[in-house]
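# Notes for the structure review
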Amino acid sequence: MNVSELIDLVSQLSFGRATPTAKERELYLRFLNLANLEMWQIAVNANQFLKKVDIFFEDQSNQAPIPKGYYLKKLFYGEKTMKQSTLDHLFNIPQSEYIIINNEIIINPTYNQPTKLDPSDNKHKKYIVALVLDNPKNLVENVADNTNEVDEPVYPLPYHVGLVYGALFYLYTSNKGFIEKIKYQMISWDEAKKNLASYYN
């Protein structure tokens with residue numbers, strides 16, 4: 001289902017309106033995006049969303065920025081997994097560990113890292129490999145920015161209705177006087193999240 005269809009469904013199931021007003025569409029879209037963020041937190045545990053990217057270090061530098069637009073999942077140097085260290089080790093980072101400060105990855109400067117050609121400037125540089133996930137994209141009716149927006153959820157079609165349950169839960173919780181509807185939607189919303197989690201596990 002595309003985002004417009006999801007908005008219409010929220011409208012029909014909430015107050016029985018087949019055609020929501022522009023203001024209602026905006027409100028329902030905000031609640032769909034809240035539900036989408038929760039579902040994304042479940043989906044990020046699935047390996048199918050992982051991407052492998054190389055992070056290059058400039059000469060004589062032991063720090064490099066986290067690639068923009070990504071959520072960092074795991075780092076490797078060579079074939080070894082790196083472990084996040086504590087800030088207590090900032091000035092003496094153990095081998096095979098890293099620290100993140102100000103969206104920069106800092107490693108031990110004496111690493112004997114492999115080198116590789118950096119396609120951005122055609123120079124051989126030290127690098128590590130990162131497993132990353134795309135940051136969640138905003139649901140919109142009309143995509144203006146492919147990097148940050150989508151007009152259809154990333155989850156398989158049978159799980160799209162879960163977004164509607166989530167949006168209805170947020171809608172009823174944001175208004176007073178819908179206690180019974182909140183209880184029902186909370187059960188439906190929790191069930192939708194459990195179903196998505198079992199699909200990805």
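The text that follows walks through the structure, step by step, so that each part is easy to find. (Residues numbered from 1 in each chain as written. Predicted model: local features only at pLDDT ≥ 70, side-chain atom pairs only at ≥ 80, totals over all residues. Heavy atoms only, no water.)

## Focus on the overall build of the chain
- Each helix and strand counted, the chain has four helices and 11 strands in total.
- In terms of overall size, the chain is more extended than a compact globule, its C-alpha atoms giving a radius of gyration of 22 Å where 201 residues would be expected to give roughly 17 Å.
- With the C-alpha coordinates aligned to their principal axes, the bounding extent of the chain is approximately 65 × 35 × 30 Å.
- Counted over contacts in the chain with a minimum sequence separation of 6, partners at least 24 positions apart contribute 59%.
- Computing the positive centroid from 21 side-chain charges and the negative centroid from 23, the chain places the two 4 Å apart. (Helix = DSSP H or I, 4+ residues; strand = E, 2+ residues; numbered from the N terminus. Rg over C-alpha atoms; globule rule 2.2 N^0.38 Å. Contact = heavy atoms within 4.5 Å. Lys, Arg positive; Asp, Glu negative; His and termini not counted. Charge placed at Lys NZ, Arg CZ, Asp CG, Glu CD.)

## So, the sheet that holds strand β6 (residues 97-101)
- The sheet built from four strands is open, its strands ordered β2-β7-β6-β5 with mixed pairing. Since the sheet does not close on itself, it has two edges, and those belong to β2 (63-65) and β5 (83-84), each with one partner. (Pairing = 2+ DSSP bridges.)

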